[in-house]
Amino acid sequence: MTEMEPGFDRHMLEALICPKSHTTLEYDAERQELISKAAGLAFPIRNGIPVMLVDEARTLD
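Throughout, residues of each chain are indexed from 1 in the direction in which the sequence is written. It should be noted that, the model being predicted, local features are given only for residues of pLDDT at least 70 and side-chain atom pairs only at 80 or more, the latter also being counted only at that level, while totals for whole chains, interfaces and linings use all residues. Hydrogen atoms and water are omitted, and side-chain values are computed over all heavy atoms in the structure.

Enquirer: Run through the nonpolar core, naming residues and quoting values.
Expert: Core analysis: the biggest nonpolar cluster contains 11 residues, these being L13, C18, L25, Y27, A29, L34, L41, F43, I45, M52 and A57. With 3 residues, strand β3 (residues 41-46) is the largest single contributor of residues to this core. In this analysis, two residues are considered to be in contact whenever any of their non-hydrogen atoms come within 4.5 Å of each other. With near-sequence residues (within four places) excluded, L41 lies in contact with K20, L34, I35, S36, V54, A57, R58, T59 and L60. Nonpolar core, defined: a set of buried Ala, Val, Leu, Ile, Met, Phe, Trp, Tyr and Cys residues in which side-chain atoms within 4.5 Å join the residues together. Burial status follows relative accessibility: with a 1.4 Å probe on protein chains alone, a residue under 20% of its type maximum counts as buried, one over 50% as exposed, and anything between as partly exposed. A run of DSSP states H or I qualifies as a helix once it reaches four residues; a run of E qualifies as a strand once it reaches two. Both are numbered from the N-terminal end.

Enquirer: Describe in detail unusual backbone geometry, supporting the description with residues and values.
Expert: The phi dihedral of H22 falls on the positive side, at around 60°, and the residue is not glycine. The residue H22 is located in the loop between α1 (10-15) and β1 (26-28) in this model. Notably, Q32 is not glycine yet its phi reads approximately 55°, a positive angle. Assignment of secondary structure puts Q32 in the loop between β1 and β2 (33-36). The partly exposed category is assigned to Q32, whose relative accessible area is 21%.

In structure tokens form, the structure reads like this:
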């Protein structure tokens, strides 16, 4: 796996939605986050596992 490849199955991304806005997410390979533009949140991916908790999400600038 290269640095820019996700540590999880990319097909899984299609099944995940934002827990706050219920919209689709975008993958940010550089920051290892899933981005919800609708909610203004970035959910971290830790050890290849997306952390889909609003309390753990970073607020987008």
